[in-house]
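Chain and residue survey
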Amino acid sequence: MSARQPVPALRSQLPAVAVLTQLAYAELASAFPSPFWQRYSASVEQTILTESAGSEVWVLSNDAGTIQASVLFVHAGARIDKTDGTALVLNDPEMRLLAVGPAYRQQGLGERLTQHCLQRAHELGSARLTLHSIAPMQAAQRLYWRLGFERDAALDFCPHPDVHVLGYYKRTAANQAD
């Protein structure tokens, strides 16, 4: 069954989105120190389950209603608590926690949600959309490069001495000619 168009997640769907995200990210656990990974996993779950006025959870589901993929779209001006205890206030909207269930990969779902986030940023009048990734997320980074995202080292941060988070951005449709 194919996925439909992205729709906002219902509050009742947030626990399933959290499980999907944990499942999609589980393969990354071995790439990080255990205490960091435990804090990060707990933070991911809390971020998804805690509704915020400055964020939107979007899902793609199949005809049977099974959530296949999800993403968190965070509005410019929102505050993000990082795993190191510090906080960041976003200058631009940000796409976070893109997750595609392992059984649903290679079907264009991640691309569909990324394009949706770009459209949301455009609708909100933002000049660009940002996101963060880490080296082990090779498939995601290939997608971002293919869609025209560029690296922005000014967005990089290190929440742990062994973890370097890479920042990316893409100009929205209204600002492509700039």
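Below, the structure is looked at part by part.

Calculation notes
Residues numbered from 1 in each chain as written. Predicted model: local features only at pLDDT ≥ 70, side-chain atom pairs only at ≥ 80, totals over all residues. Heavy atoms only, no water. Helix = DSSP H or I, 4+ residues; strand = E, 2+ residues; numbered from the N terminus. Rg over C-alpha atoms; globule rule 2.2 N^0.38 Å. Buried < 20%, exposed > 50% of the residue type's maximum accessible area, 1.4 Å probe, protein only. Contact = heavy atoms within 4.5 Å. Lys, Arg positive; Asp, Glu negative; His and termini not counted. Charge placed at Lys NZ, Arg CZ, Asp CG, Glu CD. Pairing = 2+ DSSP bridges. Core = buried A, V, L, I, M, F, W, Y, C linked by side-chain atoms within 4.5 Å. Salt bridge = Lys/Arg side-chain N within 4 Å of Asp/Glu carboxyl O.

Time to look at the overall build of the protein. Tallying secondary structure elements over the protein gives four helices and ten strands in all. Helices (α) and strands (β) of the protein occur, in sequence order from the N terminus, as β-α-α-β-β-β-β-β-α-β-α-β-β-β. By the compact-globule yardstick of 16 Å for 178 residues, the protein fits well, its C-alpha radius of gyration being 15 Å. Dimensions of the protein along its principal axes, counting C-alpha atoms only, are 45 × 40 × 30 Å. Burial status across the protein gives 48% buried among its 178 residues. Within the protein, counting contacts between residues at least 6 apart in sequence, those at least 24 apart form 64% of the total. With 15 positive and 16 negative side-chain charges, the protein shows a spacing of 2 Å between the two charge centroids.

A large share of strand 2 (residues 55-61) lies buried, amounting to six of its seven residues. Connecting strand 2 to the next strand, strand 3 (residues 67-74), in antiparallel fashion are five residues, including Gly65 with a positive phi near 90 degrees.

Grouped together as the largest cluster of nonpolar side chains are 49 residues, with contacts concentrated most on Tyr25, Met95, Leu129, Tyr144 and Phe149. Discounting residues that sit within four places of it in the chain, Tyr25 has contacts with Trp37, Tyr40, Leu97, Leu98, Ala99 and Met137.

A complete count under the given rule lists eight salt bridges for this structure. For Arg105, the salt bridge goes to Glu27, with nearest N and O atoms at 3.0 Å. Pair noted here: Arg105 is in the loop between strand 6 (94-100) and helix 3 (109-123) and Glu27 is in the loop between helix 1 (14-25) and helix 2 (34-49), with a separation of 78 residues, a long-range link. On the basis of relative accessible area, Arg105 is assigned to the partly exposed category, the value being 29%. Relative accessible area serves as the criterion here: at 55%, Glu27 is assigned to the exposed category. The partner of Glu94 in a salt bridge is Arg96, with the nearest N and O atoms 3.9 Å apart.

The next subject is the environment of Leu72. Its place among the elements puts Leu72 in strand 3. Taking the C-alpha atoms as reference points, Leu72 and Trp37, separated by 35 residues in sequence, lie 20 Å from one another. Ignoring sequence-local partners within four residues, the contact set of Leu72 consists of Thr47, Ser55, Glu56, Val57, Glu94, Met95, Arg96 and Leu97.

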